[in-house]
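# Observations on chain architecture
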Amino acid sequence: MSLLVVGLSHRSAPVSVLERAALAADSQVKLVQDTVAAEPAAEAAVLATCNRIELYADVDKFHAGVAELSTLLAQHSGLGLEELTPYLYVHYEDRAVHHLLSVACGLDSMVVGEGQILGQIKDSLARAQELHTAGRLLNDLFQQALRVGKRAHSETGIDRAGQSLVTFGLEQLALGTPVADWARGKKALVIGAGSMSSLAAATLARAGVAEVVVANRTQERAERLAQILTEADDHAVLARAVPMSAVPDELTRADIAVSCTGATGLVLTAEMVAAAVEGRTGEPVTETATETGTESATASGSDVRPTPLPPTSVGTEDGCPLDLSAPSISTPGFSAMGDAAVAGMDAATLEQHAAWAAGSAVERREAGRRGPEADAELIGALAATAASVGRIPERRRPEPVVELPRPEPVLFLLDLAMPRDIDGAVHRLSGVRLVDIESLAEASADAPMAADVDQVRRIVSDEVAAFGAAQRAAHITPTVVALRTMAADVVASEIARLHGRLPDLDDKQRSEIRQTVHRVVDKLLHAPTVRVKQLAAEPGGAGYADALRTLFDLDQETVAAVSRAENQNQQDQQNLQHQNAKNRGPA
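Residues numbered from 1 in each chain as written. Predicted model: local features only at pLDDT ≥ 70, side-chain atom pairs only at ≥ 80, totals over all residues. Heavy atoms only, no water.

### Observations regarding the packing of helix H19 (residues 451–501) against helix H21 (residues 543–551)
Contact geometry for H19 and H21: axes closest at 9 Å, N-to-C directions at 15°. If you check the angle between H19 and H21, you find them roughly parallel. Between H19 and H21 lies a crossing whose hand is left-handed. Taking contact as the criterion, the partners of His475, Ile476, Thr479, Val480 and Leu483 in H19 are, on H21, Tyr544, Ala545, Leu548 and Arg549. Split into classes, the residues belonging to the contact of H19 with H21 amount to 6 nonpolar, 2 polar and 1 charged. (Axes fitted to C-alpha atoms, helices over the stretch in contact; angles between N-to-C directions. Helix = DSSP H or I, 4+ residues; strand = E, 2+ residues; numbered from the N terminus. Parallel < 35°, antiparallel > 145°, perpendicular 65-115°, else oblique. Left-handed = near helix turned anticlockwise from the far one by under 90°. Contact = heavy atoms within 4.5 Å. Nonpolar A, V, L, I, M, F, W, Y, C, P; charged D, E, K, R; others polar.)

Here it is in structure tokens:
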């Protein structure tokens with residue numbers, strides 16, 4: 001069996017694709033269960049965060065594994081295989097180990113060095129253990145990842161190379177001003193009461209905000225978070241809980257709003273934000289087309305409409321399938337990757353024009369009717385690329401559009417949710433500054449890499465080698481155990497035969513003979529078994545187990561039985577640990 005990971009992240013896919021592919025908690029459970037039910041996979045775990053979805057599995061066949069995992073990801077993410085495949089990456093065996101350890105250390109995070117990923121990896125492992133989909137390989141791998149991540153943070157200055165998304169997001173909102181100076185005295189609204197929202201609330205409290213208002217769909221959780229903030233020793237702050245229905249009113253009073261919920265739709269629409277700003281300033285809200293430097297007509301309250309755009313060559317060239325001289329306003333505030341030149345166009349229209357511009361006008365309707373043969377071609381191409389380079393090449397994000405100066409904001413919004421909680425059209429409202437996952441990715445894309453990052457990379461490389469050696473050594477252990485079991489059976493049989501032929505021996509003599517024979521066998525087997533474990537731990541040492549079985553004519557079923565017994569014992573220990581953790585309750 002071999003480790004395989006298939007996934008997509010902020011490095012390979014745009015935020016719009018990640019949003020649509022986001023997996024709810026029940027979808028993650030079903031994905032893991034369906035993966036282990038599939039023929040190529042024996043173990044499975046899914047790592048789903050705000051900017052990555054990765055499926056890990058222990059597979060017996062590479063190509064079949066890539067095909068199965070890609071198909072399952074497409075089915076459970078709600079995206080078609082044809083649409084998802086260009087954004088997938090594949091890592092296999094040592095490359096897969098290297099990838100997860102890098103993720104655990106924060107090297108693959110949107111903000112390099114952030115430590116929240118360790119908690120997400122721990123949750124992923126706990127979920128797989130609870131579902132009994134994590135066997136020896138994935139348990140060893142994820143526990144190793146947790147250890148390496150902690151080592152990276154304790155032995156290096158990786159924390160100095162980047163901050164958590166919350167801290168980094170607040171720094172982006174502050175526009176170069178120290179967060180403590182910028183936030184002091186402001187009123188904050190935190191929407192959601194999960195781990196990310198709680199971290200945001202605590203960070204704002206430490207920064208010196210005057211008040212934190214917590215809104216959540218479950219009132220008890222909001223009240224609990226507000227109580228924690230009020231009673232904190234190091235950052236006590238005036239805090240209160242409100243129902244979600246109070247968000248529009250509270251938004252009018254707030255200077256800062258942070259949103260991170262599990263909602264599948266928008267929590268704050270452009271209309272709600274515009275109404276809040278108008279309530280604060282008493283003036284209608286103006287839309288600013290920052291990408292073109294033009295100002296739109298004003299829009300107040302809920303009547304927010306896209307800015308009329310200047311003439312463009314798009315749609316005017318011969319053969320172009322679209323007429324874009326007068327953009328549609330059927331979808332207020334829509335923009336793709338922040339480009340106001342296509343505001344108001346739906347996804348199908350955008351893709352139709354993109355296909356025409358690339359010289360391959362493929363209708364979505366026709367693409368949607370692709371049959372199994374076409375899917376097989378996509379999977380084959382994906383597997384072939386991964387087999388040759390170890391992964392699917394990751395796409396580079398488009399260069400961000402440089403924005404012209406805007407009026408001083410009166411409302412600061414931080415959206416840490418995936419899918420997004422706050423309408424992307426808010427970017428165009430004057431008096432508002434919105435930082436979301438997409439803008440965070442752009443801001444951190446060219447961040448300088450410190451020497452600490454290089455040190456972490458060396459740690460990861462060393463740990464990958466150590467993990468591979470340990471796995472190869474563990475692979476031969478059942479064969480060594482089976483060999484020693486066979487030797488013990490031979491000794492027992494010969495001792496019994498000797499006792500039958502020499503019935504006059506007393507107990508002391510029989511014991512001495514038995515111990516002597518056992519010592520002879522142990523000494524004969526000691527050096528070969530120790531040496532074969534050492535050789536098996538080296539690269540290319542997997543064949544030593546087969547050689548050992550052949551030389552001593554070991555029964556394959558006996559070796560398999562030893563492996564099953566070891567796996568069952570490990571599973572029993574994990575179940576006991578999990579049950580103990582549940583009995584102890586949350587820390």
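### So, the side chain of threonine 35
For threonine 35, the location among the structural elements is in helix H2 (residues 25–37). Taking the relative accessible area as the measure of exposure, threonine 35 reaches 0% and is therefore buried. Not counting residues within four places of it along the chain, the set of residues in contact with threonine 35 comprises Ala41, Ala44, Leu55, Ala57, Leu69 and Leu72. (Buried < 20%, exposed > 50% of the residue type's maximum accessible area, 1.4 Å probe, protein only.)

### Things to note about the sheet that holds strand S2 (residues 41–49)
One open sheet holds the 4 strands; their spatial order is S2-S3-S1-S4, and the pairing between them is antiparallel. The strands lining the two open edges of the sheet, one partner per strand, are S2 and strand S4 (89–92). The average undirected angle you get between the axes of adjacent strands in this sheet is 15°. As judged from the 8 bridges shared by strand S1 (residues 2–9) and strand S3 (residues 52–59), these two strands associate in the antiparallel manner. In the sheet register, valine 5 faces S3, and the bridge partner there is tyrosine 56. Here helix H7 (residues 136–155) sits on the sheet in contact with S1, S2 and S3, set at roughly 30° to S2. (Pairing = 2+ DSSP bridges.)

### What about the packing of aromatic side chains?
For the structure shown, the criterion picks out 3 aromatic pairs. Aromatic side chains tryptophan 182 and phenylalanine 412 sit 5.2 Å apart centroid to centroid with 90° between the ring planes, which places their arrangement in the edge-to-face category. Linking tryptophan 182 in helix H10 (residues 179–183) with phenylalanine 412 in strand S11 (residues 411–415), this pair joins segments that are 230 residues apart in sequence. By relative accessible area, tryptophan 182 is classed as buried at 9%. (Phe/Tyr/Trp six-rings, centres within 6.5 Å; stacked < 30°, edge-to-face > 60°.)

### Concerning the packing of helix H5 (residues 94–104) against helix H6 (residues 116–130)
Orientation of H5 relative to H6, taken along the N-to-C sense of each, is 125°, at an axis distance of 8 Å. Taken together, the axes of H5 and H6 lie oblique to each other. Contacts between H5 and H6 pair Leu100, Val103 and Ala104 from the former with Ile117, Leu118 and Ile121 from the latter. The class makeup of the residues in the contact of H5 with H6 is 6 nonpolar, no polar and no charged.

### Concerning the confidence of the model for the chain
In the predicted model, the chain carries a mean pLDDT of 77, and 72% of its residues have values of at least 70. Predicted confidence is poor over residues 290–318, with pLDDT under 50, and the contacts of this stretch with residues over four places away or in other chains come to 63 contacts. Confidence drops under pLDDT 50 across residues 360–368; counting only partners more than four residues distant or on other chains, this segment forms 10 contacts. (pLDDT = per-residue confidence, 0-100.)

### What about the pairing of strand S8 (residues 256–259)?
Side chains of S8 alternate between two faces, with Ile256 and Val258 and Ala257 and Ser259 buried alike. Summarising the sheet, strand S5 (residues 187–191) and S8 pair through 4 bridges and their orientation is parallel. Opposite alanine 188, over in S8, you have isoleucine 256 as the bridge partner. Of the strand pairs in this sheet, S8 and S11 are connected by 4 bridges, and their pairing is parallel. By the bridge assignment, alanine 257 is partnered in S11 with leucine 413.

### A word on the sheet that holds strand S6 (residues 211–215)
Taken in spatial order, the 6 strands make up an open sheet running S7-S6-S5-S8-S11-S12, and their pairing is parallel. Each edge of the sheet is formed by a strand with only one pairing partner; in this case those strands are strand S7 (238–242) and strand S12 (432–435). Here the average twist between neighbouring strands, direction ignored, is 15°. Running at roughly 150° to S11, helix H9 (residues 165–174) makes contact with S11 and S12 of the sheet. Here helix H11 (residues 195–207) sits on the sheet in contact with S5, S6 and S8, set at roughly 170° to S5.

### As for the layout of surface pockets
For the second largest pocket, the calculated volume is near 1,300 Å³. The set of elements that each furnish at least two residues to the lining of the second largest pocket consists of H2, S2, S3, H6 and H11. At 6 residues, the largest contribution of residues to the lining of the second largest pocket is made by H6. Residue composition of the lining of the second largest pocket, grouped by class: 19 nonpolar, 16 polar and 5 charged. (1 Å grid on protein atoms, 1.4 Å probe; cavity = no way out; pocket = protein on both sides within 12 Å on 5 of 7 lines; lining within 4 Å. Points joined across faces, edges and corners; volume = space filled by probe spheres on them.)

### Re the pairing of S2
With 7 of 9 residues buried, S2 lies mostly within the body of the structure. Pairing of S2 with S3, which is carried by 8 bridges, proceeds in the antiparallel orientation. Note that in S3 the partner of glutamate 43 across the bridge is aspartate 58. Hairpin connection of S2 to S3: 2 residues between the antiparallel strands.

### A few points about H6
Along its 15 residues, H6 runs 22 Å from first to last C-alpha, staying within 8% of the 21 Å computed at 1.5 Å per residue. Once H6 finishes, histidine 132 follows within two positions and takes phi at roughly 60°, a positive value. (Expected span 1.5 Å × (residues − 1).)

### Quick word on the pattern of salt bridges
Inspection of every chain in the model, using the stated rule, returns 19 salt bridges. In this structure, glutamate 250 and arginine 253 form a salt bridge, with 3.4 Å as the shortest nitrogen-oxygen distance. Taken as a pair, glutamate 250 and arginine 253 lie in helix H13 (residues 247–253) at a separation of 3 residues, close to a single helical turn. With relative accessibility at 8%, the residue glutamate 250 sits in the buried group. For arginine 253, a relative accessible area of 47% corresponds to the partly exposed category. Salt bridges sharing partners connect three or more residues here, namely Arg11, Arg52, Glu54 and Asp108. (Salt bridge = Lys/Arg side-chain N within 4 Å of Asp/Glu carboxyl O.)

### Regarding the nonpolar core
Core analysis: the largest hydrophobic core is formed by 71 residues, its most contacted members being Leu8, Trp182, Val212, Leu229 and Leu416. Leucine 416 has contacts with Cys50, Leu165, Val166, Met196, Val258, Ser259, Cys260, Ile437 and Leu440, leaving out every residue within four places of it along the chain. Val5, Ile117, Ile158 and Val453 belong to the second-largest nonpolar core, a separate cluster that totals 35 residues. (Core = buried A, V, L, I, M, F, W, Y, C linked by side-chain atoms within 4.5 Å.)

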